[in-house]
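A closer look at the structure
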Amino acid sequence: MLEAINLKKTYKVKGGEPVEALKGVNLSFADTGMVFILGKSGSGKSTLLHILGGLDRMDEGEIVLDGKSSEKYTEKDWDEYRNRNIGFIFQEYNLLAEFSVKDNISIALQLQGEKVTDEKIAEVLKRVELDGIEKRRPTQLSGGQRQRVAIARALIKNSKIIFADEPTGALDEATGNSILQLLKELSKDKLVIVVSHDREFAEKYGDRIIEIADGLIVRDTDNAAA
């Protein structure tokens, strides 16, 4: 189980007033399921995702994963937290254009110090319905295919949690639906947390919808009948 306890984060703005991005957020998540975090631009939703995923640090509070608190984490502990437990999917895919699909996916395993095999790559690409594209480069793929490669990169680590930051933001509606259908399927045995501004997608695919505004949780709804 993942827990966020009293998370606070303030950003200093040069020449301006400090911005309180998170003002004491408390949340707990089940081990599986698809959770949407909704909010307008500037609400704190991406800050929350980045902190939960270990990409950014809170000023106060702690993250607890499977009973282990982040309170005394070293940089090495944070690296371990990200590499072993977390998979990321971003709006702009974050793929390396000069690398093949195989090499883009392999990076995730290499960061864990694990051996890369053709069998592992083929297996994960089959799971995201992209069989046989190992040698292609991202520039040869459609937006939907690139996002599926990004999902494959998250999956090959066997991460406990997948964080998706506006994963359909750069896609048309039909392609966005196909990506969310895939994430919904994956959420049967993983925790998938999606940051989005799209309420329609959240209500269609989310098991739970958390709404954030001005750095605070304002609504937390069970949507498991979706």
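Residues numbered from 1 in each chain as written. Predicted model: local features only at pLDDT ≥ 70, side-chain atom pairs only at ≥ 80, totals over all residues. Heavy atoms only, no water.

1. Side note on the nonpolar core
Counting 38 residues, the largest nonpolar core has Ile-105, Leu-125, Ile-151 and Leu-183 as the members making the most contacts within it. Elements that contribute at least two residues to this core include exactly strand E3 (33–38), helix H3 (101–111), helix H4 (118–127), helix H5 (143–155), strand E7 (161–165), helix H6 (173–186), strand E8 (191–196) and helix H7 (199–205). Looking at which element gives the most residues to this core, the answer is H5, with six residues. Residues contacting Ile-105, with those up to four places away along its chain left out, are Ile-121, Val-124, Leu-125, Val-149, Ala-152, Arg-153 and Ile-156. Among the nonpolar cores identified, the runner-up in size contains 29 residues, and Val-25, Leu-49, Ile-63 and Ile-212 belong to it. (Core = buried A, V, L, I, M, F, W, Y, C linked by side-chain atoms within 4.5 Å. Buried < 20%, exposed > 50% of the residue type's maximum accessible area, 1.4 Å probe, protein only. Helix = DSSP H or I, 4+ residues; strand = E, 2+ residues; numbered from the N terminus. Contact = heavy atoms within 4.5 Å.)

2. Overview of the sheet that holds strand E5 (residues 68–69)
Strand order in this open sheet of four strands is E2-E1-E4-E5, and the pairing throughout is antiparallel. The sheet is open, and its two borders are formed by strand E2 (19–29) and E5, each paired with just one other strand. Strand direction decides the pairing type here: strand E4 (residues 60–65) and E5, joined by two bridges, are antiparallel. The residue of E5 that forms the bridge with Val-64 is Ser-69. This element, helix H2 (residues 75–85), spans strand E1 (2–11), E4 and E5 of the sheet and lies at about 45° to E4. (Pairing = 2+ DSSP bridges. Axes fitted to C-alpha atoms, helices over the stretch in contact; angles between N-to-C directions.)

3. Things to note about the side chain of Ser-100
Along the polypeptide, Ser-100 turns up in the loop between strand E6 (86–90) and H3. Taking relative accessible area as the criterion, Ser-100 reaches 14% and is therefore assigned buried. A distance of 3.1 Å separates the side chain of Ser-100 from the backbone nitrogen of Asp-103, its partner in a polar contact. If near-sequence neighbours (up to four positions away) are discounted, Ser-100 is found in contact with Glu-134, Lys-135, Arg-136 and Arg-137. (Polar contact = N/O pair within 3.5 Å; in protein donor to acceptor, adjacent residues only side chain to side chain.)

4. Here's the deal with the confidence of the model for the chain
Averaged over every residue, the pLDDT of the chain is 91; the share at 70 or more is 99%. Taken element by element, the chain is modelled with least confidence in H3, mean pLDDT 87, and with most confidence in strand E9 (residues 208–213), mean pLDDT 97. (pLDDT = per-residue confidence, 0-100.)

5. Some thoughts on the pattern of salt bridges
This model, assessed by the stated rule, comprises 15 salt bridges. Close ionic contact of Glu-211 with Arg-199 constitutes a salt bridge, the shortest N to O distance being 2.7 Å. You can see Glu-211 sitting in strand E9 and its partner Arg-199 sitting in helix H7, a full twelve residues away along the chain. Owing to a relative accessible area of 11%, Glu-211 belongs among the buried residues under this scheme. Using a relative accessible area of 37% as the deciding quantity, one classes Arg-199 as partly exposed. In the salt-bridge network here, residues are joined through shared partners; they are Arg-199, Glu-211 and Arg-219. (Salt bridge = Lys/Arg side-chain N within 4 Å of Asp/Glu carboxyl O.)

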